[in-house]
Amino acid sequence: MATLVISRARCRGAVALFGALFALGMATGCTHIPPGRYAIDSVDIEGTNKVEAAEIEDKIATAESPRFLGLFRGIVLEYELFDPYILERDLARIERLYRAKGFYEAHARAGRVEKIDESHVAVSVVVDEGPAVTVREIKVQGITALPIDDAAAVLTAIRRRLRAGRNFDEERYETARDELLHVFTDRGYAFAKVEGRAEVDLAHHVADVVFDVTPGQTARLGALSITGLGSLPEGPVRRALDLSEGELY
C-alpha cells in the first residue's frame, strides 16, 4: 500500500494558507449571507442523456457556492445566492440550448428547491429532452451552371457539417453556411452571396435545409502596383507575393 509523506514545512505552509484565506473571507464579509437570502449548496441537473450536464451548468447563472478546497460548508470564498427569477431564466436558457442542438420540444423545470437549514438550499433541475429533430434533406440551389469542380467543392463543404439523418444542429448549420461562402470566395467568386434557411417539421421531427446561392461572376487580378518600399527593390517583393495579373482573385 502506498504511503503519502508530507513534510512538516509543507504542512505548516498549507495550514498557514488555509488560515489566511479563511481570515480574508471573514474580514471581507464574503461568507456573510444577507438576511432572508439563501446560499446555494448544490445544483443537480437530472434527465440529461444527449447533452452533458456540465455543458448545461456552464450556460446557467444558478450555481453552487465554491467551497474552499472542497471542504465543509462555511469555508467558502463567496456564497452563490439563490434567486427564483434567475432560476426561471435559467430554465429558458436550458431549453434554448437544447433547441440549438435539435431538441425543439425539450422542457426544463425546477424539480426541487430543498431548504437544508435556515440559510442554505439545494437546487435540482429536471430536463425532459424529448425527441430530436433530424436532417431529412439538404438542397443547394443556384449551382447548376458552375464548373463541376466548383460544384463538387460546394457539396463537400456542406457534407463536412451537415448530413441527412443526423440531428439538426444550429451551430453546424451556421458553420456550413459560412464555409460555403468561403468556398466561393476562395475560387474567385468575390461577389458570391449565400443565404440559408431551415424548414422544421415538428410533427415528423425532421428539418429540410436549403441554401440559396448566387455565385456571381469570377473576379481576376488587375494590374498590381506596390508602394511604400522606399529603397527596397521591387522585384523580390513581387516574387514573394506570387500574384499575377489575370489570375483568379
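Described below are features of the structure shown in this document. (Residues numbered from 1 in each chain as written. Predicted model: local features only at pLDDT ≥ 70, side-chain atom pairs only at ≥ 80, totals over all residues. Heavy atoms only, no water.)

1. With respect to the overall build of the protein chain
Step number 1: Along the backbone of the protein chain there are 6 helices and 6 strands.
Step number 2: When the helices and strands of the protein chain are read in sequence order from the N terminus, they spell out α-β-α-α-β-β-β-α-α-β-β-α.
Step number 3: Across the 249 residues in the protein chain, those meeting the buried criterion constitute 31%.
Step number 4: Here the analysis covers contacts within the protein chain between residues at least 6 apart in sequence; of these, 65% occur between residues at least 24 apart.
Step number 5: Accessible surface, the protein chain as shown: approximately 15,900 Å² in total, 53% of it carbon and sulfur. (Helix = DSSP H or I, 4+ residues; strand = E, 2+ residues; numbered from the N terminus. Buried < 20%, exposed > 50% of the residue type's maximum accessible area, 1.4 Å probe, protein only. Contact = heavy atoms within 4.5 Å. Areas by Shrake-Rupley, 256 points an atom, 1.4 Å probe, with all protein chains shown as cover.)

2. What to know about the packing of helix α4 (residues 148–159) against helix α5 (residues 170–186)
Step number 1: One can describe the packing of α4 onto α5 by two numbers: an axis separation of 9 Å at closest approach and a directional angle of 155 degrees. Comparing the axis directions of α4 and α5 gives the class roughly antiparallel. The chirality of how α4 crosses α5 is right-handed. The residues of α5 that touch α4, namely those facing Ala-153, Val-154, Ala-157 and Ile-158, are Glu-179, Leu-180, Val-183 and Phe-184.
Step number 2: Grouping the amino acids of the contact of α4 with α5 by side-chain chemistry returns 7 nonpolar, no polar and 1 charged. (Axes fitted to C-alpha atoms, helices over the stretch in contact; angles between N-to-C directions. Parallel < 35°, antiparallel > 145°, perpendicular 65-115°, else oblique. Left-handed = near helix turned anticlockwise from the far one by under 90°. Nonpolar A, V, L, I, M, F, W, Y, C, P; charged D, E, K, R; others polar.)

3. Let's talk about the packing of aromatic side chains
Step number 1: Evaluation of the coordinates by the stated rule reveals 4 aromatic pairs.
Step number 2: Aromatic side chains Tyr-98 and Phe-103 sit 5.7 Å apart centroid to centroid with 85 degrees between the ring planes, which places their arrangement in the edge-to-face category. Each member of the pair, Tyr-98 together with Phe-103, is buried.
Step number 3: Each ring, one from Tyr-173 and one from Phe-211, has its centre 5.9 Å from the other, and the planes form 20 degrees; the classification is stacked. Of this pair, Tyr-173 sits in helix α5 while Phe-211 is found in strand β6 (residues 206–214), placing the two residues 38 residues apart along the sequence. For the residue pair Tyr-173 and Phe-211, the accessibility class agrees, reading buried in each case.
Step number 4: Here the aromatic cluster, defined as three or more aromatic residues joined through ring pairs, consists of Phe-168, Tyr-173 and Phe-211. (Phe/Tyr/Trp six-rings, centres within 6.5 Å; stacked < 30°, edge-to-face > 60°.)

4. Some words on the pairing of strand β3 (residues 120–128)
Step number 1: Along β3, 7 of the 9 residues are buried, which leaves the element largely enclosed by surrounding structure.
Step number 2: Sheet topology places strand β1 (residues 39–46) next to β3; 7 bridges connect them, and they run parallel. When the sheet's bridge partners are listed, Ile-45 is paired in β3 with Val-125.
Step number 3: Taken together, the 9 bridges between strand β2 (residues 107–117) and β3 define a ladder with antiparallel strand orientation. (Pairing = 2+ DSSP bridges.)

5. Quick notes on the sheet that holds β2
Step number 1: If you walk across this open sheet you meet the 3 strands as β1-β3-β2, and the pairing is mixed. The open sheet terminates on both sides in strands that have one partner only, identified here as β1 and β2. Neighbouring strand axes in the sheet, compared pairwise and without regard to direction, differ in orientation by 20 degrees on average.

6. As for the environment of Phe-191
Step number 1: Looking at the secondary structure, you find Phe-191 in the loop between α5 and β5 (193–201).
Step number 2: What makes Phe-191 exposed here is its relative accessible area of 61%.
Step number 3: Distance in space between the C-alpha atoms of Phe-191 and Pro-215 is 7.0 Å, their sequence separation being 24 residues.

7. Considerations on the sheet that holds β5
To summarise the sheet geometry, strands pair through backbone hydrogen bonds and adopt either a parallel or an antiparallel arrangement.
Step number 1: Spatially, 3 strands are ordered β4-β6-β5 in an open sheet, and the strand pairing comes out mixed. Both outer strands of the open sheet, β4 (134–141) and β5, are each paired with one neighbouring strand and no more. Put simply, the sheet's adjacent strands are angled 15 degrees from each other on average, direction ignored.
Step number 2: In terms of strand pairing, β5 meets β6 through 9 bridges, oriented antiparallel. Residue pairing in the sheet places Glu-199 in a bridge with Asp-208 of β6.
Step number 3: α5 contacts β5 and β6 of the sheet and is inclined by roughly 155 degrees relative to β5.

8. A short note on α5
Step number 1: Taking 1.5 Å per residue, 17 residues should reach 24 Å; α5 reaches 24 Å between its end C-alpha atoms and fits that length.
Step number 2: Every buried residue of α5 is accounted for by Glu-170, Tyr-173, Ala-176, Glu-179, Leu-180, Val-183 and Phe-184.
Step number 3: Looking at the buried positions of α5, the neighbouring elements they touch are α3 (84–100), α4, β5 and β6.
Step number 4: The opening residue of α5 is Asp-169, an N-cap whose side-chain oxygen sits 2.9 Å from the backbone nitrogen of Glu-171.
Step number 5: Looking one or two residues past α5, Gly-188 carries a phi angle of roughly 95 degrees, positive in sign. (Expected span 1.5 Å × (residues − 1). Polar contact = N/O pair within 3.5 Å; in protein donor to acceptor, adjacent residues only side chain to side chain.)

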